[in-house]
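Fold and geometry: a report
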Amino acid sequence: QVQLVESGGGLVQAGGSLRLSCAASGRSFNIYTMGWFRQAPGKEREFVAAISWTGGNTYYTDSVKGRFTISRDNAKNTMYLQMNSLKPEDTAVYYCAAARKVFTIATTDENFGSWGQGTQVTVSS
């Protein structure tokens with residue numbers, strides 16, 4: 001099992017930026033697709049972005065395309081989510097996750113097996 005710890009959340013005004021980090025320990029980091037999910041109050045958890053084990057392929061939900069950028073540094077066992085042009089509807093708890101299977105692309109939550117504790121992002125209007 002890989003352990004994941006998110007950081008970087010906070011309160012920001014609409015139009016502002018935040019960068020989330022996800023530090024991984026335990027299993028080999030560089031053989032798993034990693035992803036970001038979010039859950040707003042009263043809503044189901046939703047996929048935000050994912051990145052393949054090499055970082056060569058990235059995937060985004062439509063609502064964040066052009067505003068969010070996912071990246072990873074395998075030498076540091078860390079994944080990032082750069083969030084620009086934030087909107088109030090981006091307010092949620094953000095979770096990082098590692099895929100269940102090695103060398104496999106994943107973009108739905110049932111295909112992720114390790115989760116962080118979450119970090120709150122609040123965007124004020």
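Residues numbered from 1 in each chain as written. Predicted model: local features only at pLDDT ≥ 70, side-chain atom pairs only at ≥ 80, totals over all residues. Heavy atoms only, no water.

**Overview of the overall build of the protein chain**
Of the regular secondary structure elements, the protein chain holds zero helices and 11 strands. Secondary structure elements of the protein chain occur, N-terminal to C-terminal, as β-β-β-β-β-β-β-β-β-β-β. Computed over the C-alpha atoms, the radius of gyration of the protein chain is 13 Å, within 12% of the 14 Å expected from 2.2 N^0.38 for a compact globule of 125 residues. For the protein chain, the spread of C-alpha atoms along the principal axes amounts to about 40 × 30 × 25 Å. (Helix = DSSP H or I, 4+ residues; strand = E, 2+ residues; numbered from the N terminus. Rg over C-alpha atoms; globule rule 2.2 N^0.38 Å.)

**Quick word on the packing of aromatic side chains**
If you walk through the whole model with that rule in mind, you get five aromatic pairs. Taking 5.7 Å as the distance between ring centres and 75° as the angle between the ring planes, the aromatic pair formed by Phe37 and Phe47 counts as edge-to-face. With Phe37 in strand 4 (residues 34–39) and Phe47 in strand 5 (residues 46–51), this pair connects stretches of sequence that are 10 residues apart. An identical accessibility class is assigned to Phe37 and Phe47; each is buried. Counting every residue linked through ring pairs, the aromatic cluster contains Phe37, Phe47, Phe112 and Trp115. Positioned over the ring face of Trp115 is Arg45, at 3.8 Å from the centre of the ring. (Phe/Tyr/Trp six-rings, centres within 6.5 Å; stacked < 30°, edge-to-face > 60°. Buried < 20%, exposed > 50% of the residue type's maximum accessible area, 1.4 Å probe, protein only. Lys NZ or Arg CZ within 6 Å of the ring centre and 35° of its normal.)

**Observations concerning the pairing of strand 7 (residues 68–73)**
Of the two faces of strand 7, the one holding Phe68, Ile70 and Arg72 is buried and the one holding Thr69, Ser71 and Asp73 is not buried anywhere. In terms of strand pairing, strand 7 meets strand 8 (residues 78–83) through six bridges, oriented antiparallel. Residue Ser71 lies in a different strand from strand 8, and its bridge partner there is Tyr80. (Pairing = 2+ DSSP bridges.)

**Structural notes on the nonpolar core**
Judged by nonpolar contacts, the single largest core of 27 residues is most densely connected at Trp36, Met79, Leu81, Met83 and Tyr94. Mapped onto this core, the elements with two or more residues apiece are strand 3 (18–25), strand 4, strand 5, strand 7, strand 8, strand 9 (92–99) and strand 11 (119–124). Non-local contacts of Leu81, meaning those with residues more than four positions away in its chain, are made with Leu18, Arg19, Leu20, Trp36, Val48, Ala49, Phe68, Thr69, Ile70 and Tyr94. If you look at the next biggest cluster of nonpolar residues, it comprises seven residues, including Phe37, Phe47, Ala50 and Ala99. (Core = buried A, V, L, I, M, F, W, Y, C linked by side-chain atoms within 4.5 Å. Contact = heavy atoms within 4.5 Å.)

**Observations regarding the side chain of Thr78**
Checked against the element boundaries, Thr78 lands in strand 8. A residue is classified by how much of its surface remains accessible, and Thr78, at 11% relative accessible area, is buried. A polar contact of 2.8 Å, which involves the side chain of Thr78, links it to the backbone oxygen of Lys76. Apart from the residues within four sequence positions on either side, Thr78 is in contact with Ser21, Cys22, Ala23, Phe29, Arg72 and Asp73. (Polar contact = N/O pair within 3.5 Å; in protein donor to acceptor, adjacent residues only side chain to side chain.)

**Re the environment of Pro88**
By the element assignment, Pro88 lies in the loop between strand 8 and strand 9. On the basis of relative accessible area, Pro88 is assigned to the partly exposed category, the value being 35%. Sequence separation between Pro88 and Ala50 is 38 residues; the distance between their C-alpha atoms is 22 Å. Excluding its chain neighbours within four sequence positions, the residues that come into contact with Pro88 are Ala14, Val123 and Ser125.

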